[in-house]
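Close look at the chain arrangement
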Amino acid sequence: MTIKERFDRFTSQIRPTNEHIKEANRQTDYMVEQLKNRVSADDRFTLEKVLKAGSNAKFTSLRRTEDNIFDVDIAAYYSGEDATKEQLDKLLKFTSDQIRNIYPTKQDEDIKPLKSAVRVKFRSGIKLNVDVAPIIRDDSLGLPNGGWIPRKDGWRLTSVTCHNDFISQRIALSKQISGPVKFNRLVRMVKWWNNQQGDLTQPSIFCDLVTAAAFEEYGVTDEWQTSLRQVFSFLRKHQFLEPIIFDDFYNVNRVVLPADQVVIMDSVNPNNNIAKTWTEKTRLSYLERVQEAYDAMMDAKSCEFDGDEDAAVDAWCQVFGDEFRTLSEPI
């Protein structure tokens, strides 16, 4: 097989299967419809709407593996007097109770309130986990479907709709270039590499934003190899020394940037630096991994030029792990 053929297969194999996506959409569509417009017994809060969120909604999710659990995120928007951060436990319990009413035959352990979401486990078929996170409606960002969502590092003001649009707008731009490389698929490849980085693995939104920054600088080409090298070339040159920020949903000239070591601003909330916990050691360590991947990509390029496709595969396995070889093999 040629490297091009291997990439075509690898990119399709790291994506959830059509069957998986279809079943996930069926389950979540049903849940979303059933959860709309539910009001607490004392009328102190209302679950107004439920929207798909996360990687599945952005079309950047990875196939389910031992390392990559295929979860679906949905956002439950609350309003009313008791729809507050202080009442998170009450909102989670209410959400959990509503889901139990939807699925009365599920075991207790299959509907479990977590710290910031209710997890629903579907054990048959694709073994899907659905995390339903409460969002407290807040329109202060002036964006559609704005609200506060609980995260591990605290509450975050955001818009699920705008995060989805951030990706879809770049997918549309990438479709103007002929060839297989589309923005969401490029993000998926970056996420696969990122997930190989152990304790340096970054959250999914990090991959969205750095890939978008590289895309803004270079766009995409008509082949995977060059497009990926451009992303890593951008990171090597950028070095995380300048802020990464986007003007899709706010005026960047009015943003007061934080004095953090590394600044990668949320594309929706201009007050949220998703790299705020990075130290200089983090920056240098991550750049070492970037350089290692780039060097392997350049080795692969040289091997391809020399017609040594086996050696090129070995080099790409240094980037993506041995799965590049196994998942790109013909059935």
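Since this is a predicted model, take the numbers as computed values, not measurements.

Looking now at the packing of aromatic side chains. What the rule picks out here adds up to 24 aromatic pairs. A ring pair is formed by Phe 166 and Phe 246, whose centres lie 5.1 Å apart and whose planes are at 75°; its orientation type is edge-to-face. Residue Phe 166 is found in helix α5 (residues 160-174), and its partner Phe 246 is found in the loop between α8 (224-238) and α9 (280-305); the two are separated by 80 residues along the sequence. Judged by its relative accessible area of 2%, Phe 166 falls in the buried class. The class of Phe 246 is buried, set by a relative accessible area of 1%. Plain terms: the ring middles of Trp 316 and Phe 324 are 6.3 Å apart, the flat faces sit at 35° to each other, and that makes the pair tilted. Among the aromatic residues, those joined into a ring-pair cluster are Phe 7, Phe 10, Trp 192, Trp 316, Phe 320 and Phe 324. Cation over ring: Lys 106 sits above Tyr 103, and NZ or CZ is 5.9 Å from the ring centre. Against the face of Tyr 294 rests Arg 236, its NZ or CZ located 4.1 Å from the ring centre.

We now examine helix α10 (residues 309-320). Between its first and last C-alpha, α10 extends 16 Å over 12 residues, near the 16 Å set by a 1.5 Å rise per residue. Every buried residue of α10 is accounted for by Ala 312, Val 313, Ala 315, Trp 316, Cys 317, Val 319 and Phe 320. Positioned one or two residues after α10, Gly 321 has a phi angle of 85°, which is positive.

Counted by the stated rule, this structure contains 17 salt bridges. A salt bridge links Arg 44 to Glu 81; the nearest nitrogen and oxygen atoms lie 3.1 Å apart. Residue Arg 44 is located in the loop between β1 (38-39) and β2 (46-53), and its partner Glu 81 is located in the loop between β3 (71-79) and α4 (88-102); the two are separated by 37 residues in the primary sequence. According to the relative accessible area criterion, Arg 44 is partly exposed, its value standing at 31%. For Glu 81, a relative accessible area of 58% corresponds to the exposed category. Connected through shared salt-bridge partners, Arg 44, Glu 81, Asp 82 and Lys 90 make up one network.

Inspection of the sheet shows strand β6 (residues 128-137) paired to strand β7 (residues 146-151) by two bridges, in the antiparallel sense. Bridged to Arg 137 within β7 is Gly 147. Pairing between β7 and strand β8 (residues 154-159): six bridges, direction antiparallel. For Gly 147, the partnering residue across the bridge sits in β8 and is Thr 158.

Thresholds, definitions, all that
- Residues numbered from 1 in each chain as written.
- Predicted model: local features only at pLDDT ≥ 70, side-chain atom pairs only at ≥ 80, totals over all residues.
- Heavy atoms only, no water.
- Phe/Tyr/Trp six-rings, centres within 6.5 Å; stacked < 30°, edge-to-face > 60°.
- Helix = DSSP H or I, 4+ residues; strand = E, 2+ residues; numbered from the N terminus.
- Buried < 20%, exposed > 50% of the residue type's maximum accessible area, 1.4 Å probe, protein only.
- Lys NZ or Arg CZ within 6 Å of the ring centre and 35° of its normal.
- Expected span 1.5 Å × (residues − 1).
- Salt bridge = Lys/Arg side-chain N within 4 Å of Asp/Glu carboxyl O.
- Pairing = 2+ DSSP bridges.

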